[in-house]
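Coordinate analysis (summary)
So you can see what is in the structure, the chains are spelled out below.
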Amino acid sequence: MAPTLSPRLEQEIERLCERYPTRAAALLPTLQAAQRELGALDEAAIGMVAGALGVPAVRVQEVATWYTMFKLRPEGRHLVEICTNLSCHLCGGSELLDAVCRELGVRPGETTADGRFTVREVECLGSCGTAPVMQIDGAFVENLTLEKATAALQSAP
Amino acid sequence: MGERLLTRNWGTPERHALKSYLAAGGYQSLKKARGMEPAAIVDEVKRSGLRGMGGAGFATGVKWGFVPRDNPRPRYLCVNADEGEPGTYKDRYLMERDPHMLLEGIAIACRAIGAQTAYIYIRGEFHAVADRLETAIAEARGGGYLGHNALGPGVDLDVWVHRGAGAYVCGEETALIESLEGKQGKPRLKPPFPAVVGAFAAPTIVNNVETLAQVPHILERGAAAWKALGVNGGSGTKLYGASGRVERPGLWELPMGTRLSEIVLEHAGGVRDGKRLKGVIPGGSSCPVLLPDEIDVPMTFDALMAKGSMLGTGCAAVLDEETCAVRLCLRLMRFYAHESCGQCTPCREGNHWLAKIVQRIESGRGEPGDVDLALEVAQNILGNTICPLGDACAMPARAFLQKYRAEFETHVRERRCPYGSYPIRPGGREITG
Ligand SMILES: Cc1cc2nc3c(=O)[nH]c(=O)nc-3n(C[C@H](O)[C@H](O)[C@H](O)COP(=O)(O)O)c2cc1C
Ligand code: FES
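Residues numbered from 1 in each chain as written. Chains lettered and ligands numbered in written order. Predicted model: local features only at pLDDT ≥ 70, side-chain atom pairs only at ≥ 80, totals over all residues. Heavy atoms only, no water.

As for the overall build of chain B
On a plain count of helices and strands, chain B comes out with 17 helices and 8 strands. A compact globule built from 433 residues would reach a C-alpha radius of gyration of about 22 Å, and chain B, at 22 Å, matches this within 12%. Seen through its C-alpha atoms, chain B measures out along the principal axes to roughly 75 × 45 × 35 Å. For chain B, the residues scored as buried account for 62% of the 433 residues in total. The long-range fraction of contacts in chain B, counting pairs at least 24 apart against all pairs at least 6 apart in sequence, stands at 71%. With an accessible surface of roughly 15100 Å², chain B has 51% of that area assigned to carbon and sulfur atoms. Averaging the positions of the 52 positive and the 49 negative side-chain charges in chain B gives two centres separated by 1 Å. (Helix = DSSP H or I, 4+ residues; strand = E, 2+ residues; numbered from the N terminus. Rg over C-alpha atoms; globule rule 2.2 N^0.38 Å. Buried < 20%, exposed > 50% of the residue type's maximum accessible area, 1.4 Å probe, protein only. Contact = heavy atoms within 4.5 Å. Areas by Shrake-Rupley, 256 points an atom, 1.4 Å probe, with all protein chains shown as cover. Lys, Arg positive; Asp, Glu negative; His and termini not counted. Charge placed at Lys NZ, Arg CZ, Asp CG, Glu CD.)

Spelled out as structure tokens, the structure:
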């Protein structure tokens, strides 16, 4: 049997569609909702989203692969995103990324062997006045030092 | 420090709540706007001299005037909350701390252009800020400031938050519209301009968060009085920032037209640790860097243009003598190479080439002709692309290569980077406005 969306997700998609004059326009928020529920957007998820919105699966694939925040395969339980752009770079963000990667034994983009963390180098997070910054699971940690970063990693479940 | 409009509620407890906004006199301008003809609102904004704070500085009232009055299609307002220009951190605070000020500006703008639906396109990384906006929208609906009859009898207004998914180019207005429609964010050819053919093929105005947040203040005090708050040819007030190698990084609401030197040396306390100033990027990574003897300039669109740079978003980044210009240039080139949407050859290929050439110079593998080669690549990008992302890469590249040419050449000659690694050094301060 082909996999199906949960009733909760189906309802959420219908609510999202009410916001736009076309169902296709609900694609980004639908993918976000699907990723929240399913963890990653694998081929089955892409197919289900395409079916729910009535758009071709290739179109969904095209969009899911183009934006950096969509996950196509499972990653670590926690996402650690460290900014190394302009202001963070000037305040040691690149050195911080290196230090965090060394501590976790990964390179940027990789997941720790225990599956706990995926570390990413990211572009400006709009928090340059409190550089350097990172996000852990989408929450900002600002005015970052290595100690602060380590503490944030340790307190992640 | 002059009058505060955008940031005037930032010191209040529960500043983001509707009740705080109302207690400070909020939503009075919307009431006023409901009693005004749309054309009169557009005229008032034109007279104020308000210009787009998303970076391009286009006159807001003039843009609103481009919406065709005889088109039977619905009209849309798209609020640009993508805030992706590296070095920029202003819209986030406006939304997080006083979301109702933005919502009031949105409602007034919608009345002015005849839109009954607005989308706030917010970058995906601003999770908590987007949640806060959704809460504020629900509160405002409850209070009758949005939703049923919000814009007058029988004129409803829906405002939706649309979250992006990680792509700098989606801040460009036509890419933003493509993304809103559920597609890859690839910019469209202009004309037609969005005001005529925008979202869902309907007339659409795209405005930055800060631009819209000023609108209630223009109606509150009147165009002339608002305009008079500016100095040195600027109109009204502006959020200015300084980050990087300064003593006190921050964000300040100051008269539009305040000098860059005042922002960096006084408000931000000058270069940290008493080091020497090396340069200032005045308003986000796309703006050509200025040398220390070029920063005594009013932070207006026109004055910075005359200096060969741009006001951009007004958030400056400061380089000190220990900053390697080559290494910083490389970091920015890597950004633009990664963020090119891939549609136009000069941007897709050119940005990568710039990153590659600067990379080999930085790592000590540069060749004698590399600086000129990079300049030539930059020249071939300029003006040859659908959207300004290519220019946004080539312009700062050219400024780095020309203004710090000797430093690039030292890297090539000595086959190494003469600078050490950087200390991890936060400014350690809260953003207070
Ligand atoms: C590559 C690129 C990225 C942009 N990013 C943003 C952005 O993040 N926020 C923004 O308001 N404008 C951004 N803009 C400018 C918009 O295209 C547009 O000019 C602006 O939203 C218009 O609003 P305004 O007139 O109120 O400034 C960007 C432009 C380009 C070319
Ligand atoms: S440069 Fe890192 S948050 Fe802006």
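Concerning the environment of Val206(B)
All names here are of chain B. Here valine 206 shows up in strand E4 (residues 204–208). Counting along the chain gives 200 residues from valine 206 to alanine 406, while the straight-line C-alpha distance between them is 42 Å. With residues near it in sequence (within four places) discarded, valine 206 still touches Lys63, Cys78, Asn80, Glu173 and Ile177.

As for the sheet that holds strand E1 (residues 76–81) of chain B
Residues and elements named next belong to chain B. Read across the sheet, 4 strands follow the order E3-E2-E1-E4 without closing on themselves; strand pairing throughout is parallel. With one partner strand each, in any of the chains shown, strand E3 (158–163) and E4 form the two edges of the open sheet. Between one strand axis and the next, the sheet turns by 20° as a mean value, whatever way the strands run. Bridging between strand E2 (residues 117–122) and E3 involves 6 bridges; their strand directions are parallel. The partner of tyrosine 121 across the bridge, within E3, is histidine 162. Contacting E1, E2, E3 and E4, helix H8 (residues 173–180) runs over the sheet at an angle of about 105° to E2. (Pairing = 2+ DSSP bridges. Axes fitted to C-alpha atoms, helices over the stretch in contact; angles between N-to-C directions.)

Details of the site of ligand 1
Residue and element names in this part refer to chain B. Near ligand 1 there are 18 residues, and of these Gly54, Asn80, Asn207, Asn208 and Thr211 occur at the shortest range. Notes on ligand 1: free accessible area 610 Å², of which the protein chains cover 90%. Applying the majority rule of atoms within 2 Å of the grid points places ligand 1 in the largest pocket. A total of 3 residues in the shell around ligand 1 trace back to one element, the largest contributor, which is E4. Each residue belonging to the shell around ligand 1 can be placed in one class, and the counts come to 5 nonpolar, 8 polar and 5 charged. (Near = heavy atom within 4 Å. 1 Å grid on protein atoms, 1.4 Å probe; cavity = no way out; pocket = protein on both sides within 12 Å on 5 of 7 lines; lining within 4 Å. Sits in = over half its atoms within 2 Å of the grid points. Nonpolar A, V, L, I, M, F, W, Y, C, P; charged D, E, K, R; others polar.)

So, the pairing of strand E1 (residues 78–83) of chain A
Residues and elements named next belong to chain A. Most of E1 sits inside the fold, with 5 of its 6 residues counted as buried. Pairing geometry for E1 and strand E2 (residues 117–122), over 6 bridges, is parallel. Residue valine 80 lies in a different strand from E2, and its bridge partner there is valine 119.

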